[in-house]
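Chain by chain, the residues:
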Amino acid sequence: GDDGREYAGGLMASVHHAQTLRQAQDWLDGAAAPDVVLLDLHLPDVLGFEGLRSLRERLPEVPVLVLTNAREPGLDERVLLEGAQDFLAKSRLRSESLLRAIRKAVARQQFSGGRAAEAVNVLGRGGVRPRGTFMSLVGHSIMRAERGGPGTRGAVVFAAAAPHMSDQIAQALVARMRPSDACTRIATGVLGLLLLDVGSAEQAASVAERLAGAISGIGQVRCGIAMCDAQARVVDVLSAADTALARASDESRFCCLADPVSDRRVVLKRQAVDEVAAALNSGELTVQYQPEVDLDTGQVTGFEALLRWNHPLRGELAAAAFIDAVDQSEVIDSLDWFVLATAVGRVRRWQELFPVDPPLSISVNLSRRCFEKATFARDVLALLEDKGLLPGCLRLEVPGSGFSGIGETGRRQRAELRAAGVSINVDGLDLTQEAVATGLWAGEFDVVKIAREGLASISHAGALEGEVVESILALGRVLGFEFVAKGVETVEQALWLRDRGCPRAQGHWFAGALPDDAVQELLKKSTAGDGGETAALQ
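Presented here is a report on the structure given in the accompanying data block. Since the model is a prediction, treat every value here as computed from it, not as a measurement.

### Topic: the overall build of the protein
Thought 1: Per the secondary structure count, the protein includes 19 helices and 21 strands.
Thought 2: Within the protein, buried positions represent 45% of all 538 residues.
Thought 3: For the protein, restricting intrachain contacts to residue pairs at least 6 apart in sequence, the fraction spanning at least 24 positions comes to 68%.

See the structure below:
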């Protein structure tokens with residue numbers, strides 16, 4: 001607009017207003033340098049920091065105050081990094097605060113001998129940028145993509161490393177990255193990298209692979225990558241990289257690229273994990289107990305502990321409905337211990353109320369993760385001592401597939417528990433799994449549970465399933481294993497198993513999963529000797 005004079009707070013100023021950067025540059029061609037520049041961060045002919053850089057290049061000794069309505073996290077810090085003297089939010093701007101900012105800018109200019117604020121390189125320990133600065137740089141990368149096209153797209157890489165190695169890995173990464181790229185700490189053990197102008201997700205993955213290879217001597221990382229596409233929001237890019245990293249961890253892959261379809265499944269899984277954790281904390285999760293029965297006498301010899309979720313909308317859910325969603329998360333550790341501690345305490349109480357010889361036992365399903373904890377055996381034995389339960393009354397069950405991933409730590413924990421008298425069960429025999437077959441021949445397991453699927457057609461002679469189960473039972477007699485058949489639904493199945501030497505079974509023919517009060521009623525009948533054996537066989 002036209003030149004004018006403003007009088008406010010005792011300050012008289014000559015003001016020139018330009019709608020675009022081009023208008024400002026044209027005016028500067030025929031005018032003396034101003035004392036201060038008020039710059040809108042988003043002009044019609046230039047976006048973001050390009051206008052600020054252009055003015056600082058032309059007027060290196062003139063202070064620039066940036067005005068904007070943008071609310072991008074860390075934007076104020078980024079503005080200062082680019083050399084502006086101050087950052088003013090339009091929504092909170094008042095004439096008094098504007099005048100104070102102008103006076104300070106002019107005073108700082110005079111105090112510095114006419115030099116404007118210099119851009120600074122804000123780095124933390126090891127060359128890692130503050131998180132707010134990193135987010136601002138991501139926003140700048142997005143604006144570059146808007147102006148320069150696909151070839152100027154940057155990428156955000158979330159790299160997960162062992163927490164105790166993250167400092168060394170961060171320093172090594174910064175040393176190998178370009179000066180224009182950036183690194184920050186996102187969370188414990190997670191680093192954020194910004195790779196500028198990589199163009200495509202595939203190229204970003206290639207760069208990440210090279211960086212990871214260069215630091216492999218220090219430590220290993222997993223990566224999730226999201227592109228800084230035009231019009232994207234910083235928070236969405238960071239969230240996409242985080243979700244891609246979670247998918248890489250779930251799938252045991254070095255790197256995953258952000259993908260809306262695949263990442264949607266990850267998001268749903270995370271929601272499920274959060275819901276299960278909340279259910280555990282709120283008391284919605286309970287433990288029920290299915291009896292194991294002696295096929296010769298019909299007497300209850302023990303129970304299998306089964307996790308149940310009293311869902312407020314979906315009703316009672318068996319563990320199969322939700323356990324897979326949390327199997328690789330830390331929540332499974334809490335669930336395992338909740339079921340174990342609850343079941344151990346409960347069966348000890350039943351032993352006191354209903355003494356039998358041998359005493360009642362309890363079987364508890366556990367995830368593979370339990371055995372990878374170096375103190376697991378010690379913790380379990382301490383729990384047994386605290387509750388007063390003999391180790392021989394506890395059977396720990398792991399699915400056959402779970403044994404294939406147990407390492408040396410898990411094998412040591414398993415051996416320590418067996419040495420103390422705790423039984424280790426294989427839930428579902430599959431001799432095609434090397435770890436199960438090897439463990440059976442080496443005598444590393446005590447009890448094998450025959451899965452429901454193997455019993456489906458054994459009620460009539462000649463069924464293939466029956467032949468397989470009969471062979472397994474014969475193998476068990478040779479190797480000295482004890483068997484328990486799961487999923488017995490009919491009296492024919494129970495009789496068939498008894499006649500072929502299977503000592504114990506469980507299933508709905510005898511009873512389903514029962515709460516504590518129903519268990520006590522069952523035990524009263526089973527131990528009273530009044531003919532109340534559970535689904536006694538003829």
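### Structural notes on the nonpolar core
Thought 1: In terms of nonpolar packing, the biggest core is built from 52 residues, with Phe303, Ile362, Val364, Leu394 and Leu396 touching the most fellow members.
Thought 2: The biggest single contributor to this core is helix H11 (residues 331–353), with nine residues.

### Some details on the sheet that holds strand S6 (residues 64–68)
Thought 1: Pairing is parallel across the open sheet formed by three strands, whose spatial order is S3-S6-S7. The outermost strands of the open sheet, each flanked by one partner alone, are strand S3 (37–40) and strand S7 (86–89). Strand-to-strand twist across the sheet, computed as the mean angle between neighbouring axes with direction ignored, equals 25°.
Thought 2: Pairing geometry for S6 and S7, over four bridges, is parallel. Within S7, the residue paired with Leu67 across the bridge is Leu88.

### With respect to the pairing of strand S14 (residues 300–311)
Thought 1: Burial of S14 is extensive: ten of the twelve residues sit out of reach of the surface.
Thought 2: With nine bridges joining them, strand S13 (residues 285–294) and S14 adopt antiparallel strand pairing. In the sheet register, Val293 faces S14, and the bridge partner there is Val300.
Thought 3: Following S13, the chain reverses through five residues before pairing antiparallel with S14; Gly298 in that reversal takes a positive phi of roughly 80°.
Thought 4: Across four bridges, the pairing between S14 and strand S16 (residues 361–365) is parallel. Bridge pairing in S16 links Glu304 to Ser363.

### Regarding helix H9 (residues 260–282)
Thought 1: Helix length check: H9, at 23 residues, gives a terminal C-alpha distance of 32 Å against a target of 33 Å (1.5 Å per residue), a fit within 8%.
Thought 2: Looking at the buried positions of H9, the neighbouring elements they touch are helix H8 (234–250), S13, S14, helix H10 (323–326) and H11.
Thought 3: Gly283, located one to two residues past H9, shows a positive phi value of around 85°.

### Notes on the packing of aromatic side chains
Thought 1: Under the definition given, this model contains four aromatic pairs.
Thought 2: Ring geometry for Phe303 and Trp350: centres 5.0 Å apart, planes at 55°, overall tilted. Pair noted here: Phe303 is in strand S14 and Trp350 is in helix H11, with a separation of 47 residues, a long-range link. Take Phe303 and Trp350: they sit in the same class, and that class is buried.
Thought 3: Ring-pair connections join several aromatic residues into one group, and the members of that group are Tyr289, Phe303 and Trp350.

### What about the packing of helix H2 (residues 49–58) against helix H5 (residues 131–148)?
Thought 1: Following both chains from N to C, one finds H2 and H5 inclined at 90°, their axes separated by 10 Å at the closest point. Relative to H5, H2 is oriented roughly perpendicular. Within the contact between the two elements, H2 uses Phe49, Glu50 and Arg53 and H5 uses His140, Met143 and Arg147.
Thought 2: Class assignment of the residues belonging to the contact of H2 with H5 gives a composition of two nonpolar, one polar and three charged.

### Structural notes on the packing of helix H13 (residues 376–387) against helix H15 (residues 408–420)
Thought 1: Two numbers describe how H13 lies on H15: the axes approach to 8 Å, and their chain directions differ by 30°. The angle between H13 and H15 falls in the class roughly parallel. Within the contact between the two elements, H13 uses Phe376, Ala377, Arg378, Val380 and Leu381 and H15 uses Gln413, Glu416, Leu417 and Ala420.
Thought 2: In terms of residue class, the contact of H13 with H15 is made up of six nonpolar, one polar and two charged.

### A short note on the pairing of strand S9 (residues 182–187)
Thought 1: In this structure, S9 lies alongside strand S10 (residues 190–195), joined through five bridges in antiparallel fashion. Bridging from a neighbouring strand, Thr184 pairs with Gly192 of S10.
Thought 2: Counted along the chain from S9 to the antiparallel partner S10, the turn is two residues long, and its residue Gly189 has a positive phi close to 80°.

### Observations concerning the sheet that holds strand S12 (residues 255–257)
Thought 1: Judged by pairing direction, the sheet is mixed, and its five strands sit side by side in the order S9-S10-S8-S11-S12 without closing on themselves. Single-partner strands in this sheet number two, and they are S9 and S12. Each strand of the sheet is rotated relative to its neighbour by a mean of 20°, with strand direction disregarded.
Thought 2: Looking at chain direction, strand S8 (residues 155–160) and S10 are connected through six bridges and run antiparallel. Residue pairing for S10: Ala159 is matched across the bridge by Leu191.
Thought 3: Relative to S9, H5 is tilted by about 120°, and along the sheet it contacts S8, S9 and S10.

### Overview of the state of the cysteines
Between two cysteines, a covalent bond joining their sulfur atoms is known as a disulfide.
Thought 1: For the coordinates displayed, the defined rule picks out zero disulfides.
Thought 2: Cysteine Cys223 shares no disulfide, and the gap to the nearest cysteine sulfur, in Cys255, comes to 5.4 Å.

### Considering the pattern of salt bridges
Thought 1: Under the definition given, this model contains 22 salt bridges.
Thought 2: Its salt-bridge partner being Glu521, residue Lys524 comes within 3.4 Å of it at the nearest N-O pair. Of this pair, Lys524 and Glu521 both sit in helix H19 (residues 516–528), three residues apart, which is roughly one turn of that helix.
Thought 3: Overall, Glu521 belongs to the partly exposed group, its relative accessible area being 42%.
Thought 4: Here the salt bridges share partners, and the residues they tie into one network are Glu292, Arg395, Glu482 and Arg504.

The rules we used
Residues numbered from 1 in each chain as written. Predicted model: local features only at pLDDT ≥ 70, side-chain atom pairs only at ≥ 80, totals over all residues. Heavy atoms only, no water. Helix = DSSP H or I, 4+ residues; strand = E, 2+ residues; numbered from the N terminus. Buried < 20%, exposed > 50% of the residue type's maximum accessible area, 1.4 Å probe, protein only. Contact = heavy atoms within 4.5 Å. Core = buried A, V, L, I, M, F, W, Y, C linked by side-chain atoms within 4.5 Å. Pairing = 2+ DSSP bridges. Axes fitted to C-alpha atoms, helices over the stretch in contact; angles between N-to-C directions. Expected span 1.5 Å × (residues − 1). Phe/Tyr/Trp six-rings, centres within 6.5 Å; stacked < 30°, edge-to-face > 60°. Parallel < 35°, antiparallel > 145°, perpendicular 65-115°, else oblique. Nonpolar A, V, L, I, M, F, W, Y, C, P; charged D, E, K, R; others polar. Disulfide = S-S within 2.5 Å. Salt bridge = Lys/Arg side-chain N within 4 Å of Asp/Glu carboxyl O.

Keep in mind these numbers describe shape, not what the thing actually does.
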